[in-house]
Amino acid sequence: MFKTLRNDIDVVFEQDPAARSKIEVIFTYSGLHAIWAHRFAHFLWKKRLFFLARFISQVSRFITGIEIHPGAVIGQRLFIDHGMGVVIGETCEIGDNVTIYQGVTLGGTGKEKGKRHPTIEDNVLIASGAKVLGSMKIGKNSRIGAGSVVLNEVPPNSTVVGIPGRVVMQDGVKIRRDLDHINLPDPVADKFKELEAEINRLKDELAKLKQP
């Protein structure tokens, strides 16, 4: 238990350059508070003390703005940065060394029974505002771009962007798990650029036809 708590603190220093001291991290990082509250609530959940577990998770939600169902399984060294608006569902499973930014939802579609939330494997980064919905797996070492909506399984070593989320990079380029989560490919923007170029070409042709 103490090793787990120490790992939760250490990963903050590795991922957040703004962290200055352990005292600051312990007392001011809401993501860390939410994870520690969840670890206690999950312990109670496994003891079938469901009401007490839910009560603790709701108090944590009120204080931190992060909602983690006590039934969710969370591995070592989860880092929730900023965290406001993060939602993690009951049957969600999160591996080791995962990074989650604010506004992320790991939820269900409302249709399934049983396992209805995603499984996030090791070394995954999920950027701000992304939604991962349904009982599917996000493979190891993958990155989910900001604002993406992921409804299908993601292979390992992949980069996913867009609505709905599409794999735009896999295996060919080494996927780094770092904080540079804004410089990801954007297939929607690329398509708009193609359409803009086509419109400009048609305008040029039309202008030539109008010439006497």
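Here the structure is a predicted model, which means the values were calculated and not measured. (Residues numbered from 1 in each chain as written. Predicted model: local features only at pLDDT ≥ 70, side-chain atom pairs only at ≥ 80, totals over all residues. Heavy atoms only, no water.)

1. Structural notes on the environment of G65
In this structure, G65 sits in the loop between α4 (50-64) and β1 (67-68). Sequence spacing of G65 and V86 is 21 residues, and the spatial spacing of their C-alpha atoms is 7.4 Å. (Helix = DSSP H or I, 4+ residues; strand = E, 2+ residues; numbered from the N terminus.)

2. Description of the pairing of strand β14 (residues 158-161)
A two-sided burial pattern is seen for β14, the buried positions comprising S158 and V160 on one face and T159 and V161 on the other. Bridge count for strand β12 (residues 143-144) against β14 is two bridges, and the pairing is parallel. Along β14, the bridge assignment pairs R143 with T159. (Buried < 20%, exposed > 50% of the residue type's maximum accessible area, 1.4 Å probe, protein only. Pairing = 2+ DSSP bridges.)

3. Here's the deal with unusual backbone geometry
A positive phi angle, near 65°, is found at R77, a position not held by glycine. Overall, R77 belongs to the buried group, its relative accessible area being 17%. A positive phi angle, close to 65°, is found at N141, a residue other than glycine. Its relative accessible area of 28% is what places N141 among the partly exposed residues.

4. Focus: the sheet that holds strand β8 (residues 119-120)
In space, the four strands of this open sheet follow the order β2-β5-β8-β11, with parallel pairing throughout. Here the strands that pair on one side only, and so sit at the sheet edges, are β2 (73-74) and β11 (137-138). Summarising the sheet, β2 and strand β5 (residues 93-94) pair through two bridges and their orientation is parallel. By the bridge assignment for β5, V73 is matched with E93.

5. Quick word on the side chain of H38
With respect to the helices and strands, the residue H38 is situated in helix α3 (residues 30-46). Apart from residues lying up to four places away in sequence, H38 is in contact with I68, H69, P70, A72 and I74. (Contact = heavy atoms within 4.5 Å.)

Shape descriptors only; they carry no functional weight alone.
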